[in-house]
Amino acid sequence: MPKAVVLGTGMAGFGAAHRLQAEGITPVMYDKNAYYGGHTMSFRHEPGFVFDIGPHISFTKDERIQDLFAESVDQLYETIQINLNNYWRGYWPQHPVQLHLHGLPEDVVVKVIADFVEERQKPEGPINNYNDWLLASFGPTFAELFPKQYTRKYHLTTAENMSTDWLGPRIYRPSLEEVLRGAISASSPNIHYITHFRYPQQGGFVSYLQKFVPSGDIQLNHELVSVDPRARLLTFSNGTICSYDLLVSSVPLPDLIPMIVGAPRDVLEAARKLACSSCVLVNIGVDREDISNAHMTYFYDEDICFTRLGFPHMLSPNNAPKGTGSIQAEVYFSDKYKPFAGQPRDWIEPVIADLRRCGLLRDSDRILCRNAMYLRYANIIFDLDRAAALATVHGYLDDLGIAYCGRYGDWGYMWTDESFKSGEKAAGAALTRLAASQLRQRAQVA
């Protein structure tokens, strides 16, 4: 039986373990943390608040993944119709804004529609970056006031410096009729790629991994420091050295490549060009549950420190004590574009101040829980360096026979189900590669 190793115990890592287990192989799964789950982990904070590591919901339409996750929580999950809104200069339009202009300042609405019509009358030009796509899709007024502003807060760079590779269904491109209906009526239809989602009743989002934990021999507190692909050896900071026949990694590429013995200069340079945001998550528990009727809110104003808010108590009543509410704020940084400095706790009071400024927190609210954590890796930034740099890095790993998976291995914009399937795919590729290698070896012996 080949010795299979999976680096990382997040959604992608367990996807790989699940695929290997189907072949009768129990992989050894290493994680640097004292807990399994990676970014899928959920934490409980007194007096009974549950916070995930960032906003996590399952809205997959893949019935196989739906069934796997449902089995993992013994069919005990909430099914919720999603409600998303936005905050812009004191206004709270529904999401997406381009379909809900009603109630915004009249001069803004008129200019947005005029631009939209004018842009539709122009011949289609080349789309070289995200900025070109935004202008062609919405016109300059809407593009600048909303998505371009949000891009600077969320992706930490400009729309001109981003590709369109990540878009998919994420930003809806409406018809003129849809824009007009949303401008004159407060009851325009809610069109979004997410309509309903599922969330575990108990324990937070990490509960979706319960079924998969037996798939691997999990070794926690093992931080990888070296990969020797020739000797097929892994070295960890605690002194553990292990061999492997098959390796699947969800380690972030900018961390993994420098750990590979003999990594060439051009590959090291390419890994350094890969951009990702980092994030301070500020978690707040409040003695009131009617904080917001939204599950998530997007903030465009650049003088508001957070970019997005989630409300965990809206996902499951067991995420907060009865009669209380919870808020998770995301404050973004980037090693490449806006480095983080200081301590995560430094952002607790600024977040609370901005929550009060936008009216979500009242002066009379009693804060029952407050904490902050720093995520070095959050969202992949699809800047113009990404495609070429990623091709170099992935090509090198393919040559070494190291399979990669997940958001930070594939270096893509992945949802939960996509991460799990990425792990399955990586394990399948590793098994195919191993079988081919064994066949060659047998042929040489013969």
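Our subject is the structure listed above.
Everything quoted here is computed from the prediction, not taken from an experiment. Residue positions are counted from 1 within each chain, in the order its sequence is given. A pLDDT threshold of at least 70 governs which residues receive local features in this predicted model, and a stricter bar of 80 or more applies before side-chain atom pairs are shown or counted, although totals over entire chains, interfaces and linings include all residues. With hydrogens and water excluded, all non-hydrogen atoms of the structure serve as input to the side-chain values.

Colleague: Would you take a moment to explain the pairing of strand β9 (residues 224–228) for this structure?
Modeller: Note on pairing: DSSP must find at least two bridges between two strands before they are called paired. Put simply, DSSP H or I for four residues or longer makes a helix, DSSP E for two residues or longer makes a strand, and each gets a number counted from the N terminus. Bridge analysis of β9 against strand β10 (residues 233–236) gives four bridges, and the strand direction is antiparallel. Of the residues in β10, the one forming a bridge with S226 is T235. From the end of β9 to the start of β10, which pair antiparallel, there are four residues, and R232 there has a positive phi angle of about 55°.

Colleague: Looking at this structure, I do not really get the sheet that holds strand β1 (residues 4–7). What am I missing?
Modeller: Within a sheet, neighbouring strands are paired by backbone hydrogen bonds and run either parallel or antiparallel to one another. Taken together, five strands build an open sheet; the order of strands is β8-β2-β1-β12-β18 and the sheet is parallel. Each edge of the open sheet carries a strand with a single partner, namely β8 (217–219) and β18 (402–404). Averaged over all pairs of adjacent strands, the angle between their axes in this sheet comes to 20°, without regard to strand direction. Where helix α1 (residues 11–22) meets the sheet, it contacts β1, β2 (28–30), β8 and β12 (246–249), and its direction lies at approximately 160° from that of β1. Only the stretch in contact is used when a helix axis is fitted, and all axes are lines through C-alpha atoms; the angle between N-to-C directions ranges over 0 to 180 degrees. Contact definition: two residues touch when any of their heavy atoms are within 4.5 Å.

Colleague: Which parts of the structure should I look at to understand the side chain of S250?
Modeller: Mapping S250 onto the fold places it in the loop between β12 and α8 (253–259). Two N or O atoms count as a polar contact when they lie within 3.5 Å, although within protein this holds only if one can serve as hydrogen donor and the other as acceptor, and sequence-adjacent residues are included solely when both atoms are side-chain atoms. Side-chain polar atoms of S250 contact the backbone oxygen of L7, separated by 2.8 Å. When residues no more than four places from it in sequence are discounted, the contact partners of S250 are L7, G8, C405, Y408 and G409.

Colleague: How should I be thinking about the packing of helix α4 (residues 130–138) against helix α6 (residues 147–154) in this particular structure?
Modeller: A pair of packed helices is characterised by two quantities: the angle between their axes and the separation of those axes. One way to put it is that α4 packs onto α6 with a least axis distance of 11 Å and a crossing angle of 150°. Judged on the interaxial angle alone, α6 and α4 are roughly antiparallel. Of the residues in α6, those in contact with Y130, N131 and L134 of α4 are P147, K148 and T151. Residue classes follow a fixed rule: Ala, Val, Leu, Ile, Met, Phe, Trp, Tyr, Cys and Pro count as nonpolar, while Asp, Glu, Lys and Arg count as charged, and any other residue, Gly among them, counts as polar. Tallied by class, residues from the contact of α4 with α6 come to three nonpolar, two polar and one charged. What sets the label is the angle itself: under 35 degrees gives roughly parallel, over 145 gives roughly antiparallel, 65 to 115 gives roughly perpendicular, and the rest give oblique.

Colleague: Help me out: how do you make sense of the sheet that holds β10 in this one?
Modeller: Strand order in the open sheet formed by three strands is β9-β10-β11, with antiparallel pairing between adjacent strands. Every interior strand has two partners, whereas the edge strands, β9 and β11 (241–243), have only one. Strand-to-strand twist across the sheet, computed as the mean angle between neighbouring axes with direction ignored, equals 20°.

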